[in-house]
Amino acid sequence: MHSCLQICEVLRNIFSALNNYEDITLDVQKPPRSVDGVDVRRQTLACLARTCRTFSELALDVLWAHIDTLSPVVQSLPRHVWSRHRHNRSLKIDRCVLIVHWRGIEKYLLRVRALGKLGGSAMGDISQELAHTLCSHPWPFLLPRLEKLFWSDSSHESTHLLSNLLSPTLTELHLHAMGNLFMLSVLSNLGVTCPLMKSFSTTGTDSAASIPVSQAVVCGWHHLKTLSTEAVDWRALSHLSTLPSLTNLQLSFLSQNRVSSKYSQTTFSNPLRHLTIRAQSAELCIPFLEATWIPARRVSVSLGNVPRSSSNETFLLLLASRVTAQQVQAFSLDLTCDSLLTISEIMPLCSFCALEELVLPSHSANLTINDQDLVRAVKSWPKLKKLRLGDEAMWVTPARPQITLDGFASLLLHCPDLRTLGIGMDATSYSVVTPEVPGGGVTNTKITTLSVGASLIDNPLAVAAFLSSVLPNLKNILYTKFEVVPHQTERRHEKWARAATYLRDVHMIKKQERVRLGLH
């Protein structure tokens with residue numbers, strides 16, 4: 001054996017790369033799956049663990065570090081102890097699991113650092129009876145060195161099994177399950193059981209049965225960095241406001257829950273890195289914001305499919321005062337409602353004078369902002385580096401964007417630091433631009449990719465010439481490949497594709513002209 005393969009660090013890097021080689025940027029095909037649904041990469045690690053004593057321990061460490069389900073734990077028991085159901089192929093217990101059997105798989109259980117994955121069940125294909133058997137292990141915790149856990153099962157047996165997985169080493173817990181009495185009793189001592197928690201999130205399939213985060217849950221956490229939940233009482237919020245380690249907070253107001261109107265005055269002592277607010281309507285957030293001050297550098301707001309109301313503007317005005325608008329560097333507002341979004345409704349965002357990123361996605365063509373409105377708004381954001389404004393809308397007839405190429409040039413003039421730009425616009429009004437000096441001489445050399453979505457376009461060559469002048473370093477135009485107007489003889493995405501081709505041609509012609517004149 002080569003001497004390099006006797007160095008633990010080298011072997012660990014090799015095995016880790018093998019385990020994650022789907023994520024490595026190489027020109028390789030995705031590893032095929034075996035008939036049992038096991039990755040070839042994991043099969044390879046198992047073979048390495050059985051091939052050489054030098055490989056065995058390190059290969060087992062990587063192999064067992066993260067398991068998607070508890071099925072491998074059951075399958076590591078002696079074969080006569082378990083079997084599969086003939087019909088549903090789930091694992092079942094056939095004989096009593098003895099202490100000697102548990103001792104035989106202890107070396108595997110000690111290696112597990114993460115269990116489960118988002119969107120999957122950590123129970124896997126084990127039966128409820130088998131879940132009860134796993135709780136009969138002879139140790140305080142089934143996986144004593146577990147650090148990350150993703151759990152999405154709500155039955156009584158699975159909750160009992162969950163209580164056996166909550167070890168003091170746990171630092172990350174994600175629960176996607178409806179609350180039940182047993183679950184509440186398990187979580188009530190979570191702060192004592194898992195004092196090292198750094199990331200905690202709860203989501204429920206039914207907001208009325210979501211797992212509430214109370215003071216009893218978070219009182220023992222002093223290292224918490226990320227919290228995402230739907231129901232949180234004011235006592236827990238008061239404790240969170242004193243944590244210097246908390247950087248990411250996501251609160252969802254999906255129903256009129258029992259704690260929504262019982263908030264007390266709370267001020268967070270340290271600014272958050274990221275604050276996310278999700279709600280079915282702006283009205284559900286207002287009681288929380290009226291009582292809470294949460295300074296944050298990045299703010300994301302997502303409101304559901306609700307009719308247009310004056311509370312949207314009230315909500316944004318209140319939000320600007322509660323998150324210290326002068327400190328916010330990135331803001332995202334996602335409105336999925338079909339009602340129109342006017343300039344008056346987003347004017348509260350003008351108080352965010354330090355904005356560097358602004359995302360206003362529009363899927364239903366509900367932006368009615370014209371050139372004058374755009375200029376009026378962007379004058380408040382001179383530091384803007386990223387802007388997404390309506391480039392995701394389909395603009396189906398009769399709806400059409402009201403921002404023209406004139407407004408586009410004004411945007412570049414007032415936001416000279418723009419690097420990322422996506423905008424829905426009406427590029428058919430190219431005739432108003434002076435051909436000799438497109439855009440009035442405005443240029444931006446930092447933008448290399450422009451997203452236009454399903455923007456209107458009539459003359460691809462004129463648009464390409466305009467973009468080449470105002471964005472001399474533009475290389476890519478991203479457009480939506482969608483048949484927007486059925487009676488249109490030529491699809492918009494085809495015209496934007498032609499504009500992208502013309503853009504490269506114009507750049508080449510200008511480059512050759514500069515060389516000819518000795519300017520470059």
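Our subject is the structure that appears above.
Rules behind the numbers
- Residues numbered from 1 in each chain as written.
- Predicted model: local features only at pLDDT ≥ 70, side-chain atom pairs only at ≥ 80, totals over all residues.
- Heavy atoms only, no water.
- Helix = DSSP H or I, 4+ residues; strand = E, 2+ residues; numbered from the N terminus.
- Buried < 20%, exposed > 50% of the residue type's maximum accessible area, 1.4 Å probe, protein only.
- Contact = heavy atoms within 4.5 Å.
- Areas by Shrake-Rupley, 256 points an atom, 1.4 Å probe, with all protein chains shown as cover.
- Pairing = 2+ DSSP bridges.
- Patch = residues over 30% accessible without salt bridge, like charges linked within 9 Å, V, L, I, M, F, W, Y side chains within 5 Å.
- Salt bridge = Lys/Arg side-chain N within 4 Å of Asp/Glu carboxyl O.
- 1 Å grid on protein atoms, 1.4 Å probe; cavity = no way out; pocket = protein on both sides within 12 Å on 5 of 7 lines; lining within 4 Å.
- Points joined across faces, edges and corners; volume = space filled by probe spheres on them.
- Nonpolar A, V, L, I, M, F, W, Y, C, P; charged D, E, K, R; others polar.
- Expected span 1.5 Å × (residues − 1).
- Polar contact = N/O pair within 3.5 Å; in protein donor to acceptor, adjacent residues only side chain to side chain.

## Remarks on the overall build of the protein
Phase 1: Tallying secondary structure elements over the protein gives 18 helices and 19 strands in all.
Phase 2: A total of 520 residues make up the protein; the buried ones form 48% of that total.
Phase 3: For the protein, long-range pairs separated by at least 24 residues make up 75% of all intrachain contacts whose partners lie at least 6 apart in sequence.
Phase 4: Accessible surface for the protein amounts to roughly 25000 Å². Of this, 54% is attributable to carbon and sulfur atoms.

## Details of the environment of Leu63
Phase 1: Structurally, Leu63 can be placed in helix 3 (residues 53-65).
Phase 2: Between the C-alpha atoms of Leu63 and Tyr108, which are 45 residues apart in sequence, the distance is 9.4 Å.
Phase 3: Leave out the neighbours within four places in its chain, and Leu63 touches Arg42, Leu45 and Ala46.

## Comments concerning unusual backbone geometry
Glycine aside, the phi torsion of most residues is negative, and most peptide linkages are trans.
Phase 1: Backbone geometry places Thr324, a non-glycine residue, at a positive phi of 60°.
Phase 2: One can find Thr324 in the loop between helix 13 (311-322) and strand 14 (330-335).
Phase 3: By relative accessible area, Thr324 is classed as partly exposed at 27%.

## Points about the pairing of strand 11 (residues 272-279)
Regular strands place side chains that alternate from one sheet face to the opposite one.
Phase 1: Direction of pairing for strand 9 (residues 248-253) relative to strand 11: parallel, over a ladder of 6 bridges. Along strand 11, the bridge assignment pairs Ser252 with Arg278.
Phase 2: Here strand 11 pairs with strand 13 (residues 296-303) via 7 bridges, running parallel. Its bridge partner being in strand 13, Thr276 is matched across the sheet by Ser300.

## Quick notes on a nonpolar patch on the surface
Phase 1: Residues Ile7, Val10 and Ile14 make up a contiguous nonpolar surface patch of about 210 Å² in total accessible area.
Phase 2: With respect to the helices and strands, Ile14 occurs in helix 1 (residues 8-19).
Phase 3: Note on Ile14: relative accessible area 40%, which makes it partly exposed.

## Details of the environment of Leu190
Phase 1: Checked against the element boundaries, Leu190 lands in helix 9 (residues 190-193).
Phase 2: Relative accessible area serves as the criterion here: at 0%, Leu190 is assigned to the buried category.
Phase 3: Along the sequence, Leu190 and Ser163 sit 27 residues apart, while their C-alpha atoms lie 9.6 Å from each other.

## Describing empty space enclosed by the protein
Phase 1: This structure, assessed with the given rule, holds 5 cavities of 30 Å³ or more.
Phase 2: Its volume calculated, the second largest cavity comes out at about 70 Å³.
Phase 3: For the lining of the second largest cavity, the leading source of residues is helix 15 (residues 371-378), giving 4 residues.
Phase 4: Residues belonging to the lining of the second largest cavity are distributed by class as follows: 11 nonpolar, no polar and 1 charged.

## Some remarks on helix 18 (residues 492-517)
Phase 1: Relative to the 38 Å expected for 26 residues at 1.5 Å per residue, helix 18 spans 37 Å between its end C-alpha atoms, a close match to the ideal helical length.
Phase 2: All of the buried residues along helix 18 are Arg492, His493, Lys495, Trp496, Ala499, Ala500, Leu503, Val506 and His507.
Phase 3: Looking at the buried positions of helix 18, the neighbouring elements they touch are strand 18 (449-453), helix 17 (460-470) and strand 19 (476-479).
Phase 4: With its phi angle positive at about 75°, Gly518 sits one or two positions after the end of helix 18.

## Let's talk about helix 17
Phase 1: Listing the buried residues of helix 17 in full gives Pro460, Val463, Ala464, Phe466, Leu467, Ser468 and Val470.
Phase 2: On its buried face, helix 17 is in contact with helix 16 (405-414), strand 18, strand 19 and helix 18.
Phase 3: The opening residue of helix 17 is Asn459, an N-cap whose side-chain oxygen sits 3.2 Å from the backbone nitrogen of Leu461.

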